[in-house]
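Geometric and topological summary
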Amino acid sequence: MKLKTFALGGVHPEEHKLSANAPIVNLPLPAQLVVPLGQNLGAPPKPIVKKGDEVKTGQLIARAEAFISANLHAPATGKVVKVDEATDTSGYRRPAIYIEVSGEDKWAEGINPTNELVTRLDYSRDEIIAKVKEAGIVGLGGATFPTHVKLMLPPGKKADYLLINGVECEPYLTSDHRLMLEKAQEIMQGIRLMMIALEVKRAIIGVENNKPDAIAHLAAMALAHPGISVQALKVKYPQGGEKQLIKALVNREVPSGKLPIEVGCVVSNVGTAFAVYEAVTKNKPLIERVVTVTGLGLTKPSNFLVRIGTPVSALIQAAGGMPENSGKIINGGPMMGKAMTTPEVPVVKGSSGILIMPRELSSRKEPQACIRCSKCTTVCPMGLEPYLLARLSKLERYEDTEREQIMDCIECGSCQFTCPSNIPLLDYLRLGKFRTGQLIRNRK
Ligand code: SF4
Ligand code: SF4
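Our subject in this report is the structure included herewith. (Residues numbered from 1 in each chain as written. Chains lettered and ligands numbered in written order. Predicted model: local features only at pLDDT ≥ 70, side-chain atom pairs only at ≥ 80, totals over all residues. Heavy atoms only, no water.)

Regarding the site of ligand 1
Near ligand 1 you find 13 residues, and of these Cys-380, Cys-409, Cys-412, Gly-413 and Cys-415 are the closest. Within the residue set of the shell around ligand 1, elements represented by two or more residues are α13 (414-418) and α14 (425-443). Along the lines of polarity and charge, the residues of the shell around ligand 1 split into ten nonpolar, two polar and one charged. (Near = heavy atom within 4 Å. Helix = DSSP H or I, 4+ residues; strand = E, 2+ residues; numbered from the N terminus. Nonpolar A, V, L, I, M, F, W, Y, C, P; charged D, E, K, R; others polar.)

Thoughts on a nonpolar patch on the surface
A cluster of nonpolar side chains, namely Leu-18, Leu-296 and Leu-361, defines an oily patch on the protein surface of about 250 Å² accessible area. Its location among the elements puts Leu-18 in the segment before β1 (24-26). (Patch = residues over 30% accessible without salt bridge, like charges linked within 9 Å, V, L, I, M, F, W, Y side chains within 5 Å. Areas by Shrake-Rupley, 256 points an atom, 1.4 Å probe, with all protein chains shown as cover. Salt bridge = Lys/Arg side-chain N within 4 Å of Asp/Glu carboxyl O.)

Points about the pairing of strand β12 (residues 265-269)
Taking burial as the measure, the five residues of β12 include five buried ones, the bulk of the element. The two faces of β12 match: Cys-265, Val-267 and Asn-269 on one face and Val-266 and Ser-268 on the other face are all buried. Here five bridges tie strand β9 (residues 161-165) to β12, and the two strands are oriented parallel to one another. In the strand pairing of β12, Leu-163 is matched with Val-267. (Buried < 20%, exposed > 50% of the residue type's maximum accessible area, 1.4 Å probe, protein only. Pairing = 2+ DSSP bridges.)

Quick word on the site of ligand 2
Close contacts around ligand 2 come from Cys-370, Ile-371, Arg-372, Cys-373, Ser-374, Cys-376, Tyr-387, Cys-419, Pro-420, Ser-421 and Ile-423, and that covers them all. Residues of the shell around ligand 2, tallied by class, amount to eight nonpolar, two polar and one charged.

A look at the environment of Val-55
By the element assignment, Val-55 lies in strand β4 (residues 54-55). Separated by 20 residues in sequence, Val-55 and Pro-75 place their C-alpha atoms 9.4 Å apart. Leave out the neighbours within four places in its chain, and Val-55 touches Val-49, Ile-61, Ala-74, Ala-76, Thr-77, Gly-78, Val-80 and Ile-99. (Contact = heavy atoms within 4.5 Å.)

A word on a positive patch on the surface
Residues Lys-2, Lys-4, Arg-202 and Lys-234 make up a contiguous surface patch of positive charge. Tracing the backbone through its elements, the reader meets Lys-2 in the segment before β1. Overall, the relative accessible area of 71% leaves Lys-2 in the exposed class. (Lys, Arg positive; Asp, Glu negative; His and termini not counted. Charge placed at Lys NZ, Arg CZ, Asp CG, Glu CD.)

Details of helix α5 (residues 212-222)
Within the sequence span of α5, burial applies to Ala-214, Ile-215, Leu-218 and Ala-222. Along the axis of α5, the buried positions cluster into a sector of 100 degrees, meaning they face one direction only. Tucked into the core, α5 has its buried residues touching α3 (175-182), α4 (184-198), β10 (202-208) and β11 (228-233). (Arc of directions from axis to C-beta.)

Structural notes on the packing of α4 against helix α7 (residues 270-282)
The axes of two packed helices give the description: the angle between them and the distance between them. Close contact between α4 and α7 brings their axes to 7 Å; oriented N to C, the two are set at 80 degrees. On the basis of the axis angle, α4 is roughly perpendicular to α7. Two secondary-structure elements touch here, α4 through Glu-186, Ile-187, Gln-189, Gly-190, Ile-191, Leu-193 and Met-194 and α7 through Val-270, Ala-273, Phe-274, Val-276, Tyr-277, Val-280 and Thr-281. Residue composition of the contact of α4 with α7, by class: ten nonpolar, three polar and one charged. (Axes fitted to C-alpha atoms, helices over the stretch in contact; angles between N-to-C directions. Parallel < 35°, antiparallel > 145°, perpendicular 65-115°, else oblique.)

Thoughts on the packing of aromatic side chains
Tallied over the entire structure, the rule returns one aromatic pair. Against the face of Tyr-98 rests Lys-82, its NZ or CZ located 4.5 Å from the ring centre. For Lys-236, the ring lying beneath its charged end belongs to Phe-6, and the centroid distance is 4.2 Å. (Phe/Tyr/Trp six-rings, centres within 6.5 Å; stacked < 30°, edge-to-face > 60°. Lys NZ or Arg CZ within 6 Å of the ring centre and 35° of its normal.)

So, the pairing of strand β7 (residues 78-87)
Within a regular strand, the side chains alternate between the two sheet faces. Pairing between β4 and β7: two bridges, direction antiparallel. Directly across from Val-55, in β7, lies its bridge partner Gly-78. Where β7 and strand β8 (residues 93-101) come together, nine bridges link them in antiparallel fashion. Residue Ala-86 lies in a different strand from β8, and its bridge partner there is Arg-94.

Points about the pattern of salt bridges
Working definition: two side chains of opposite charge can pair if their charged atoms are close together. Scanning the model with the defined rule gives 24 salt bridges in all. Here Arg-403 and Glu-404 are joined by a salt bridge, their closest N and O atoms 3.6 Å apart. For Glu-404, a relative accessible area of 25% puts it in the partly exposed group. Each of Asp-105, Glu-278, Lys-284, Glu-288 and Arg-307 takes part in one network of salt bridges that share partners.

As for the sheet that holds strand β15 (residues 326-331)
Taken together, the six strands give an open sheet; going across it, the order is β1-β14-β13-β17-β15-β16, and neighbouring strands pair in mixed fashion. Of all strands in the sheet, those with a lone pairing partner are β1 and β16 (338-339), marking the two edges. Two strands pair when backbone bridges link them, and strand β13 (residues 288-294) and strand β14 (residues 302-307) are joined in this way by six bridges, in the antiparallel orientation. Paired with Val-290 across the two strands is Leu-305, which belongs to β14. Packed onto the sheet, α3 meets β1, β13 and β14 and runs at close to 125 degrees relative to β13.

Considering the nonpolar core
In this structure, Ile-137, Leu-162, Ile-187, Ile-191, Ile-205, Leu-218 and Ile-228 are the most contacted members of the largest nonpolar core, which totals 49 residues. Broken down by secondary-structure element, the contributors of at least two residues to this core are α1 (125-134), β9, α3, α4, β10, α5, β11 and α7. The element contributing the most residues to this core is α4, with nine residues. Apart from the residues within four sequence positions on either side, Ile-137 is in contact with Val-132, Pro-146, Thr-147, Thr-272, Ala-275, Val-276, Ala-279 and Leu-286. In this structure, Leu-233, Leu-245, Ile-246 and Cys-412 belong to the second largest nonpolar core, which totals 20 residues. (Core = buried A, V, L, I, M, F, W, Y, C linked by side-chain atoms within 4.5 Å.)

Treat this as a map of the structure, not an account of what it does.
Below is the structure:
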């Protein structure tokens, strides 16, 4: 199979896929689950339970009221002990529902919790979207955009392709890789269901060539599914970026500030396809996900299937505990992930991995003056000038960052990774994007 990739920029960080051969293991239920309300892009759902309420596994506990929002369900059977604030992975206190777990799952009515493969496809477009909405499915590749909204195309728009992201280009992370190996049939069914909802005839699954077992397995499965194909991609970061994947798979370019549907594409992720399958065929809401727990000093780098709301500390414990020389705990991978202030925070719908960095790799090197080498510009997959944007952001010149298209930055970190002067470009870019976004919104 000829390998494809995106055209502009990119870097090659060390892969360190330490948990690639670790099968997905179910983590036991903890004594308490803390379920933050704001787990999706858009407005958080409104709680519909209160202290003292008994809840069953999969029962609706917070309802989405805004257009861009997602329902939330009890990840286990138990009692609501409080609706209060809790620290999230970013260190902020946000509203959450605390559930004392009874220890045994009693499932809410209508949910099929078994692992049997259901191959039914005779659902209408509206039925699929309604079930995905009810189940609170969000994009599990990291964006957490509500999936039912993505499946409802804007008026006048038509999709030619559904592109499925099986790239997992972040170093260390392997949850999607394991899912592709262990749940390929279910992923195929989920893709077929999304194809019905989007009324598209073609779906392409993009997988980087460092996962030949997943490529071979999915390609064999795809033979039984008309319209679905698998494309091997060159290993190049950030191959999994939405715009980079579209360029690599169908050679279309999404214009600045526009969405993939402008070029006839909808992009989803293998984990989301699996969740759509469970939502539609089994009425199963998004109450659990696969999370990689990894790091160079860790005894057992692992992939766990965990309920939403489980403390990160329980995952680290199950992976052998914190190594002695631990420096930082990162939520996500080393390129785009963010350092956590404490492991006593819950797993959320968007948690793809927990990375423990050894002390010697955790501290940043002293930044030096920019030597105008332009390496950051060369590797930027969005064609931006990172050194300029970082400088303007530092000077708080947000009209200028807007003009220089900072909102196109996908925060991939390739510029910072390559900078020989150790300038924290990504920090400035994130801050600049945030402030520029505020400026744009305030104008409306
Ligand atoms: S973080 Fe932004 S500016 Fe830096 S390389 Fe990625 S897209 Fe370009
Ligand atoms: S890579 Fe670093 S040193 Fe080189 S131009 Fe960019 S910011 Fe300056």
